[in-house]
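A closer look at the structure
The chain contents come next:
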Amino acid sequence: MPFLGQDWRSPGQSWVKTADGWTRFLDEKSGGFVGDISSFCKKDDHNKENIFNSINYDVAAKKRKKDLLNNKAKTQYFHQEKWIYVHKGSTKERHGYCTLGEAFNRLDFSSAILDSRRFNYVVRLLELIAKSQLTSLSGIAQKNYMNILEKVVQKVLEDQQNIRLIRELLQTLYTSLCTLVQRVGKSVLVGNINMWVHRMESILHWQQQLNNIQITRPAFKGTTLTDLPLCLQLNIMQRLSDGRDLVSLGQVAPDLQVLSEDRLLWKKLCQYHFTDRQIRKRLILSDKGQLDWKKMYFKLIRCYPRKEQYGDTLQLCRHCHILSWKGTDHPCTANNPETCSTSLSPQEFINLFRF
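Residues numbered from 1 in each chain as written. Predicted model: local features only at pLDDT ≥ 70, side-chain atom pairs only at ≥ 80, totals over all residues. Heavy atoms only, no water.

With an unreviewed UniProt entry as reference, the protein chain is termed F-box only protein 32, source organism Climacteris rufus. In its Pathway (unreviewed entry) section, the UniProt entry covering the protein chain states "Protein modification; protein ubiquitination." For the protein chain, the Subunit (unreviewed entry) comment in UniProt is given as "Part of the SCF (SKP1-CUL1-F-box) E3 ubiquitin-protein ligase complex SCF(FBXO32) formed of CUL1, SKP1, RBX1 and FBXO32." (UniProt positions renumbered as here; feature names shortened; annotations may be inferred.)

1. Quick look at the side chain of Q142
Here Q142 lies in helix α5 (residues 139–159). A distance of 3.3 Å separates a polar side-chain atom of Q142 from the backbone oxygen of L137. When near neighbours in sequence (up to four residues on either side) are disregarded, Q142 contacts L134, T135, L137, V190, W196 and R199. (Helix = DSSP H or I, 4+ residues; strand = E, 2+ residues; numbered from the N terminus. Polar contact = N/O pair within 3.5 Å; in protein donor to acceptor, adjacent residues only side chain to side chain. Contact = heavy atoms within 4.5 Å.)

2. Description of the packing of helix α9 (residues 243–250) against helix α13 (residues 293–303)
As a packed pair, α9 and α13 sit with axes 11 Å apart at the nearest point and diverge in direction by 135 degrees. Judged by the inter-axis angle, α9 sits oblique to α13. Facing G243, R244 and V247 of α9, the residues of α13 in contact are K294, Y297 and F298. When its residues are assigned to classes, the contact of α9 with α13 shows 3 nonpolar, 1 polar and 2 charged. (Axes fitted to C-alpha atoms, helices over the stretch in contact; angles between N-to-C directions. Parallel < 35°, antiparallel > 145°, perpendicular 65-115°, else oblique. Nonpolar A, V, L, I, M, F, W, Y, C, P; charged D, E, K, R; others polar.)

3. Description of the environment of T328
Turning to its location among the elements, T328 is positioned in the loop between β6 (322–325) and α14 (337–340). Ignoring sequence-local partners within four residues, the contact set of T328 consists of K82 and Q315.

4. Things to note about the sheet that holds β6
Pairing is antiparallel in the open sheet, where 4 strands are placed in the order β4-β6-β5-β7. Bordering the open sheet on either side are β4 (83–85) and β7 (341–344), each of which pairs with just one other strand. Direction aside, the axes of adjacent strands within the sheet are offset by 25 degrees on average. Looking at chain direction, strand β5 (residues 314–317) and β7 are connected through 4 bridges and run antiparallel. Counted as the bridge partner of Q315 is S343 from β7. (Pairing = 2+ DSSP bridges.)

5. As for the nonpolar core
Proteins that are soluble and globular tend to have nonpolar side chains buried together. Grouped together as the largest cluster of nonpolar side chains are 54 residues, with contacts concentrated most on F109, Y145, L323 and F349. When residues in this core are grouped by element, the largest group, 9 residues, is from helix α4 (residues 116–133). L259, F274, Y297 and L300 belong to the second-largest nonpolar core, a separate cluster that totals 18 residues. (Core = buried A, V, L, I, M, F, W, Y, C linked by side-chain atoms within 4.5 Å. Buried < 20%, exposed > 50% of the residue type's maximum accessible area, 1.4 Å probe, protein only.)

6. As for the pattern of salt bridges
Under the defined criterion, the tally for this structure stands at 14 salt bridges. Residue D115 is joined to R118 by a salt bridge in which the shortest nitrogen-to-oxygen separation is 3.9 Å. For the residue pair D115 and R118, the accessibility class agrees, reading buried in each case. We note a salt bridge from R124 to E308, for which the minimum N-O separation is 3.0 Å. One end of the pair, R124, is in helix α4; the other, E308, is in the loop between α13 and β5, and 184 residues separate them in sequence. Owing to a relative accessible area of 36%, E308 belongs among the partly exposed residues under this scheme. Three or more residues are tied together by salt bridges with common partners; here these are R164, E168, D242, R244, D245 and R306. (Salt bridge = Lys/Arg side-chain N within 4 Å of Asp/Glu carboxyl O.)

What follows is the structure in structure tokens.
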């Protein structure tokens, strides 16, 4: 019984039955007739040498083409899809399962970083992968990870926004790579060690570029934040979810410094991120005998994770197990597809692929 598998014929070749037996031909673009099978069995050293040279040439050409494709660090060569089906096990109808690396390759994260509503979500996902999931990615997924990271850094350098967020991401990734490179003998990384050293050098270069950013004051001389009424300034500050942003904003002007120390502002920030039980365990009194909400906030963030909020997230349809960005239509068979979708945080997205 013949082997039922991938076609063993070389690309561009075909076999034609003639009066003398089966004869191999190439396509017109490849040069036409090659010869019959018996010619490959002759004990002619010259013919054998030509055959092996031809085979080596084909292999070398394919390798150069593959290397050229894989070395395009700025070009993502993965198919980007709007949604993917998440299956966690093999069945009679489907072989294999969806992994974190496969989902990371197939979903369109490259375009998502250009959307301000999805940018923070992707950056948080990159940070979580850098902390603990980098070794679970395939070699292609790791290359895709570095491609997306480079695009994120370039966007921050152009826009001069979210600088601190990307600094923390790069520092987390560099720290993880330093640990993993030391254990390279245990095959925890995919690829040559020199390739990873080069990637670490790229991370250091990106960090230097972020440190050298000089934010220029805009030429616009219209109404500024300090020109607004105090109630509006305080209302804007209440929209900030990171206490470090409040501290940075207070360093802009003396009037903003006074508003940034408002106790009610820091109290709402603590109550937004942490539970009452967590707050009661970390009470700090000021010299006046009142609760120092600002000090309590920075103490709480060292002990507990902060509440995360994103403008747009990935969502999972519980009915058909399809993963997609929020607002993306997918072929759902449920009567009410909107009620079946559940938003996933970056951590929940990673946990989805833990078997």
